[in-house]
Amino acid sequence: MFHDPGASRRRWCALLLAGVWLCSLPLACLPGPVPIAVGDALRALGAVPGLCAPADDSIQLVVGQIRLARVLLGLLCGGALAVAGVALQGVLRNPLADPFTLGISAGAACGASIAIALGGSLGLWAGGLAAGLSAAATISLAALLGSLLALGGALWLGSGQGSFRRETVILAGIAVAAFLGAVVALVKALNEESVTSIVFWIMGSLQGRGWDSLPLLLATLLPGLLVVLPGWRKLDLLALGDEQAAHLGLAVGRSRFWLLAGASCMTAGCVAVAGVIGFVGLVVPHVLRLVLGSAHGPLLYGAFLGGGILLVWADVLARVALSGGQELPVGVVTALLGGPFFAFLVRRR
């Protein structure tokens, strides 16, 4: 019987990632401007049966309502960005592809910038039909709409004669991103009062995000995962080349379209909730390939866990790096961590 020497390593790596992912839920709730003791955090989360709730209601509020929601959003957003990175790199067969290749981040930034400049109130646009939405929810929905429109534009421009070719899709995404980046610059120039808010949002941050952001994220995350995760065999076939994949019975154009759409849908939701966060979908797949190999089944599973872990602890670092309760945008932290690492990886290989 054939024995795969890497199977045991992949299995232990998957178990380790799952354990760290689960442990990050309570542990990432501890650091912050107001440090929380381990026992108080566990009681507030109800993680240990038999322990009563903490005596201080403020601890219950900080841990259970603010930090736990933020940690969960970080785990889901990071996982979605990393899975999208694996899918895009496999579909486009480009190791430098990431969730922002198709102009999705530029579309989200454009939508959010317009919403911020107009005051973040959909009631101004829709005659009060959406007056119940908060400013944050309005900005998130505008970012989601902008990212989906940018995706549609890139796919439309890249569909020559009804077929999707990876070279034209990449070029179309670059063109769409360049145009929408100019629109964002125009919005900032015309509305100087909103520049600070727009720049902070574009940098990416989980600050101020809570349980109300979870439905929007899940509405895009779950459909994307349902498309991408079962398509791991298609990604393995696409890695062989279009001709070889077609000879093996794969509908290359259709498969590429749905995998791109699923990855982009996940990315759109993450950007709408947390802003533009780079390098997670670029670095995590490369790191995990060194351990898990290039087979897309284990790689997608590991990327979801590893991406969430990276983003959560980058957000923890963003919380505690500055004194006085100030926070860094988590997108800045991921860029500072991922940029040098990726430069080293490119230089080495």
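Fair warning: this is a prediction, and the values are worked out from it, not measured in the lab.

Student: For this particular structure, what's the right way to read the overall build of the protein chain?
Tutor: Summing up its helical and strand segments, the protein chain has 15 helices and 2 strands in all. Out of the 349 residues in the protein chain, the part that is buried amounts to 48%. For the protein chain, the accessible surface area stands at approximately 16,400 Å², while carbon and sulfur atoms represent 68% of it.

Student: How should a nonpolar patch on the surface be read in this particular structure?
Tutor: Side chains of Leu310, Leu317, Val320 and Leu337 sit close together on the surface and give an oily, nonpolar patch of about 300 Å² of accessible area. With 3 residues, the top contributor of residues to the nonpolar patch is helix α14 (residues 296–320). Structurally, Val320 can be placed in helix α14.

Student: Looking at this model, I keep getting lost on the packing of helix α13 (residues 280–292) against α14. Mind explaining?
Tutor: When two helices pack together, their arrangement is captured by the angle between the axes and the distance separating the axes. Contact geometry for α13 and α14: axes closest at 9 Å, N-to-C directions at 125°. By the angle between their axes, α13 is oblique relative to α14. The chirality of how α13 crosses α14 is right-handed. Residues Val280, Val284, Pro285, Leu288, Arg289 and Leu292 of α13 pack against Pro298, Leu299, Gly302, Ala303, Gly306, Gly307 and Leu310 of α14. In terms of residue class, the contact of α13 with α14 is made up of 9 nonpolar, 3 polar and 1 charged.

Student: Would you mind going over the nonpolar core with me for this structure?
Tutor: Nonpolar side chains tend toward joint burial in soluble globular proteins. With 95 residues, the main nonpolar core has Val83, Trp201, Leu260 and Met266 as its most contacted residues. Setting aside residues up to four positions removed in sequence, Trp201 forms contacts with Ala108, Ala109, Ala112, Ile116, Ile139, Ala143, Arg209, Val271, Ala272, Gly275 and Val276.

Student: What exactly am I supposed to notice about the environment of Leu222 here?
Tutor: In this fold, Leu222 is placed in helix α9 (residues 214–228). Spatially, the C-alpha atoms of Leu222 and Ala80 are 9.5 Å apart, while their sequence positions differ by 142 residues.

Student: Teacher, can you tell me more about the environment of Asp242 here?
Tutor: Looking at the secondary structure, you find Asp242 in helix α11 (residues 242–247). On a C-alpha basis, the gap between Asp242 and Val252 in space is 6.5 Å, while along the polypeptide they are 10 residues apart. The contacts of Asp242, once residues within four sequence positions are left out, are Arg93, Val252 and Arg256.

Student: Sorry if this is basic, but what is going on with the confidence of the model for the protein chain here?
Tutor: Detailed reading of the predicted coordinates is not advisable wherever pLDDT is low. Averaged over the protein chain, the pLDDT score is 80; the fraction of residues at 70 or greater is 86%. Within the protein chain, helix α5 (residues 123–126) has the poorest average pLDDT of any element, 43, and α14 the best, 90. Low pLDDT (under 50) marks residues 47–51, which in the prediction has 3 contacts with non-local residues, meaning those over four places away or in another chain. Long-range and interchain partners of residues 120–132, a stretch whose pLDDT sits below 50, account for 13 contacts in this model, where long-range means more than four residues apart.

Student: When you look at the pattern of salt bridges in this model, what are you seeing that I'm missing?
Tutor: The final tally for this structure, using the stated rule, is 3 salt bridges. Salt-bridge contacts for Glu327 lead to Arg70; the nearest nitrogen and oxygen are separated by 2.6 Å. Residue Glu327 is found in the loop between α14 and α15 (330–348), and its partner Arg70 is found in helix α3 (residues 57–92); the two are separated by 257 residues along the sequence. When its relative accessible area of 16% is taken as the criterion, Glu327 is described as buried. Under the relative-accessibility criterion, Arg70 is labelled buried at 8%. A salt bridge links Arg319 to Asp315, with the nearest nitrogen and oxygen atoms 3.9 Å apart. Remark: Asp315 and Arg319 occur in helix α14; sequence separation between them is 4 residues, near one turn of the helix. Several salt bridges share partner residues, and in doing so they unite Arg70, Asp315, Arg319 and Glu327 into one network.

Student: Is there a simple way to explain the side chain of Ser213 in this structure?
Tutor: With respect to the helices, strands and loops of the structure, Ser213 is situated in the loop between α8 (195–203) and α9. For Ser213, a relative accessible area of 12% corresponds to the buried category. Not counting the four nearest positions on each side in its chain, Ser213 is found in contact with Leu73 and Val273.

Student: Looking at this model, I keep getting lost on α14. Mind explaining?
Tutor: Compared with the 36 Å implied by 1.5 Å per residue over 25 residues, the 36 Å span of α14 between its first and last C-alpha is a close match. Across the 25 residues that make up α14, a large majority, 18, are buried.

Student: Hey, could you run me through the state of the cysteines in this one?
Tutor: Here a disulfide denotes one covalent bond, and it connects the sulfur atoms of two cysteines. Under the defined criterion, the tally for this structure stands at 0 disulfides. The cysteine Cys77 is free of any disulfide, with Cys270 supplying the nearest cysteine sulfur at 4.1 Å. When its relative accessible area of 1% is taken as the criterion, Cys77 is described as buried.

Definitions and limits used
Counting restarts for each chain: residues are numbered from 1 in the order of the written sequence. Only residues with pLDDT of at least 70 get local features here, since the model is predicted, and only at 80 or more are side-chain atom pairs given and counted; chain-wide, interface and lining totals rely on the full set of residues. To obtain the side-chain values, all non-hydrogen atoms of the structure were used and water was disregarded. To qualify as a helix, a DSSP run of H or I must reach at least 4 residues; to qualify as a strand, a run of E must reach at least 2; elements of each kind are numbered from the N terminus. Throughout, exposure labels follow a simple rule: accessible area from a 1.4 Å probe, protein chains only, divided by the maximum for the residue type, with under 20% read as buried, over 50% as exposed, and the rest as partly exposed. Surface accessibility follows the Shrake-Rupley procedure with a 1.4 Å probe radius. Residue values consider only the protein chains on display as shielding. Two distance rules govern patches: like charges are joined within 9 Å, and nonpolar side chains (Val, Leu, Ile, Met, Phe, Trp, Tyr) within 5 Å, applied only to residues with over 30% relative accessible area and no salt bridge. By convention in these notes, a salt bridge is any Lys or Arg side-chain nitrogen within 4 Å of a carboxyl oxygen on Asp or Glu. To obtain each axis, a line is fitted to C-alpha atoms, and for helices this fit is confined to the stretch in contact; angles are then taken between N-to-C directions over 0 to 180 degrees. Here the angle decides the label: under 35 degrees means roughly parallel, over 145 means roughly antiparallel, 65 to 115 means roughly perpendicular, and every other value means oblique. With the far helix as reference, a near helix turned anticlockwise by less than a right angle produces a left-handed crossing, and one turned clockwise produces a right-handed crossing. Only heavy atoms enter the contact rule, under which two residues are in contact if any of them lie within 4.5 Å. Residues were grouped as follows: Ala, Val, Leu, Ile, Met, Phe, Trp, Tyr, Cys and Pro as nonpolar; Asp, Glu, Lys and Arg as charged; and all remaining residues, including Gly, as polar. The nonpolar core is taken to be a set of buried Ala, Val, Leu, Ile, Met, Phe, Trp, Tyr and Cys residues, with the residues joined through side-chain atoms within 4.5 Å. Looking at any residue, its pLDDT shows the predictor's confidence there, from 0 to 100. Residue count minus one, scaled by 1.5 Å, sets the expected span of a helix. To count as a disulfide, a pair of cysteine sulfur atoms needs to be within 2.5 Å.

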